[in-house]
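Read off the chains here:
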Amino acid sequence: MRAYTLIGSTLFATGLITLLAVGCENRHEANKQAATGNLGASASVKDLMAARDLSEADVEAALKTYVPTGKMDEYYLFASGGQSGNVNVIGVPSMRMLKVIGVFTPESWQGWGFGDDTESILDQGNQGGRKIRWADVHHPNLSETKGDYDGKYLFVNDKANARVAVVDLEDFTTKQIVANPLAASDHGGAFVTPNTEYIIETSQYPAPLGREYAPIEEYAAKYRGVAVFWKFDREKGRIDKDKSWAMELPPYTQDLADAGKLDSDGWMYINSFNTELAVGGTLDGKPPIESGASQNDMDYLHVINWKKAEELVAAGKTKTIAGMRVLMMDVSGSEGVLTLVGEPKSPHGCDVTPDGKHVVVGGKLDTHTTIYDVAKMKQLIADKKFEGKDAYGLPIMAFKEAIAGQVEIGLGPLHTVFDDQGNAYTSVFIESVVAKWSYRDYTKPVEKLKVHYNIGHLVSAEGDTVSPDGKYVVAMNKMSMDRFLPVGPLYPQNFQLVGIEGPAMRLLADMPMPNSEPHYAQMIKADKIKPVKVYKPGTNPVTGAEPDPNAVVGGKERIVRNGNRVEVFMTAVRSHFTPDRIEVEQGDVVTIHVSNVETAEDQTHGITFNMYNVHSSLEPGKTANITFTADVPGAYPFYCTEFCSALHLEMLGYLLVKPKQN
Ligand code: RUQ
Ligand code: CUA
């Protein structure tokens, strides 16, 4: 495929069509009829094109994205599942959905959230002692080693409830959720430092730290932003909460964040808006937050030396709030750990270039992207060369001295991603385009590509690493009017695959996203990910136990009673459960420990009990635990929920709940 793109696309398409047409010549007559309606496999390409009203560019796009049966995609795209609370996994270039990973929200096919183990993970994300079963996932980030995706873990944030989740890519399963004890919402997350030392989660809407109450009139004095540095323990594959810490931030609404790399390793950057500290009050005749927050010409990019912050934390220069060590602004401001610099008008997007030398920020209400110079900013901070301080005593660098340049992009530039040729691609929301420009010489956009419509984020292949691949960009469009068959007033979002290899950007495919508004995504080379095919016998993928203490092997199945506690040690294998009859008394607390003892690939069973709102997916080798109170007498079939064999329908049993005698 690579060679084709070097040839002019029209030439290529025509050439190919001629080639195919020659082979079809003798059958051509016979197929003329077919081409008018019922298209046979041997219809010539030209006839097919005419019948389906396809242009040569369409055919070229189809050939660049078609993945025939039995062949695999080149990349995985991990896209946030937005309001679905989960993560979508998509193959590129086919744009076929491969998996939905259950994360913050129950996912019933996988039994995610319908059994003891998975529910315990969801419960880790409870906030304020409440079960939270929905989430607004914004930014997935892959784990990195030396600034390159290593294919081991994926981290995502939940903006609505300030939580971060850890997904293990060995089995594409969520292993941990941590609830931010300080913030009431997050956004700049879940970004990783170049060796995944930390997963960074920065707040969005300021609130008193530790979820306290303070009157809104005390916004400036009591409301705060915060950046949490979740320490990642690679050995365990989990966040170590005790080794994690945080930094207090001013009540500017922190937005996107990114960690430095190479030249900027040890630093991180967060953009912000509402430095006006607008708090609304529309019913009292005050301006809405929206206009209050758009008064200043400049907001502040936060420049953070996290390596130095880490040292100060280790030296105990922190205050403990809600059980977490927090580096307060009086320390971080005076120690050169937290420094501000102006950024034009309600910025969005904050992206470090692959070489780590620059930080690119878009301006929602500005037509430019601003390119900050990492070396200049380091020097200004080292020399303590500031133009002033903000109300919180934080030093401010002079905008003109901190930037490398600005590029006039268009209306509403948001996010920027990079390729392997020194090009940057910025999403332009209002204009609905992808704008390509050079981040080496800050020229005007060399090219703009229309997308459909109102693009938010965009993602490039291996784009957040120190060595992006180029090749593909996916535009993640918020609106899709006129692109898909209508499905009522709630429209799908539109992912558009863009080829960026040739001299010009080419729109290759549309993919409706029907389950949420995805925000960000990351694209990783497929061969970097090596998932297991079957679990070791008895594995509990949620706890990581191999085997689970309650795993059962064939021949050891049993039912154990202890007062009103009934434990069933069960196996599942094609095509029966053992035991297949469970008799309990009304009010008994029943736990089913069930092991799929299959060892063959793709031999999944599932189990559910009528009316008890439980379900587990049992992949080969997996053990799951399900507890419920059998409080309603009756005869309840339980059955296998995956069509696993010719006798799948016969894979069932009965739970008999005898009425209580009294
Ligand atoms: S956001 S469309 Cu990342 Cu939450 Cu910018
Ligand atoms: Cu096991 Cu169906």
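What about the packing of aromatic side chains?
Stage number 1. Taken as a whole, this structure holds 21 aromatic pairs when the rule is applied.
Stage number 2. For the ring pair Tyr-76 and Phe-78, a centre distance of 5.8 Å and an interplane angle of 20 degrees mean the geometry is stacked. For the pair shown, Tyr-76 and Phe-78 are each scored as buried.
Stage number 3. On the basis of an interplanar angle of 50 degrees and a centroid distance of 5.5 Å, the ring pair of Tyr-252 and Tyr-300 is categorised as tilted. Here Tyr-252 is found in the loop between β11 (238–249) and β12 (253–259), whereas its partner Tyr-300 is found in strand β14 (residues 298–305), with 48 residues between them in sequence.
Stage number 4. For Tyr-252, a relative accessible area of 4% corresponds to the buried category.
Stage number 5. Members of the aromatic cluster, joined through ring pairs, are Phe-577, Phe-609, Tyr-612, Phe-628, Tyr-636 and Phe-638.

Concerning the site of ligand 1
Stage number 1. By nearness alone, every residue bordering ligand 1 is listed as His-138, His-139, His-187, Leu-256, His-348, His-415, Gly-456, His-457, Lys-478 and His-519.
Stage number 2. Each residue belonging to the shell around ligand 1 can be placed in one class, and the counts come to 1 nonpolar, 8 polar and 1 charged.

Topic: the domain arrangement of the chain
Stage number 1. On domain assignment, one finds that the chain holds domain 1 (9–65), domain 2 (75–101 + 135–528) and domain 3 (558–658).
Stage number 2. When each unit is reduced to the centre of its C-alpha atoms, the spacing between domain 2 and domain 3 is 44 Å.

What about helix α10 (residues 374–382)?
Stage number 1. Along α10, the residues classified as buried are Val-374, Met-377, Leu-380 and Ile-381. Projected down its long axis, α10 carries its buried residues within an arc of 125 degrees, all on one side. In α10, the exposed residues that point more than 90 degrees away from the buried face are Ala-375 and Ala-382.
Stage number 2. Of the residues flanking the start of α10, the one acting as N-cap is Asp-373, its side-chain oxygen 3.0 Å from the backbone nitrogen of Ala-375.
Stage number 3. In the stretch just after α10, Lys-384 is the one whose phi turns positive, near 50 degrees.

Here we look at the environment of Pro-492
Stage number 1. For Pro-492, the position within the fold is in the loop between β29 (470–477) and β30 (493–499).
Stage number 2. Accessibility expressed as a relative area gives 14% for Pro-492, which makes it buried.
Stage number 3. Each C-alpha atom of the pair Pro-492 and Met-513 lies 5.3 Å from the other, and the pair is 21 residues apart in sequence.
Stage number 4. In contact with Pro-492, other than residues within four places in its own chain, are Ser-480, Phe-484, Val-487, Pro-512, Met-513 and Pro-514.

Rules behind the numbers
- Residues numbered from 1 in each chain as written.
- Chains lettered and ligands numbered in written order.
- Predicted model: local features only at pLDDT ≥ 70, side-chain atom pairs only at ≥ 80, totals over all residues.
- Heavy atoms only, no water.
- Phe/Tyr/Trp six-rings, centres within 6.5 Å; stacked < 30°, edge-to-face > 60°.
- Buried < 20%, exposed > 50% of the residue type's maximum accessible area, 1.4 Å probe, protein only.
- Helix = DSSP H or I, 4+ residues; strand = E, 2+ residues; numbered from the N terminus.
- Near = heavy atom within 4 Å.
- Nonpolar A, V, L, I, M, F, W, Y, C, P; charged D, E, K, R; others polar.
- Domains from an automatic or database assignment.
- Arc of directions from axis to C-beta.
- Polar contact = N/O pair within 3.5 Å; in protein donor to acceptor, adjacent residues only side chain to side chain.
- Contact = heavy atoms within 4.5 Å.

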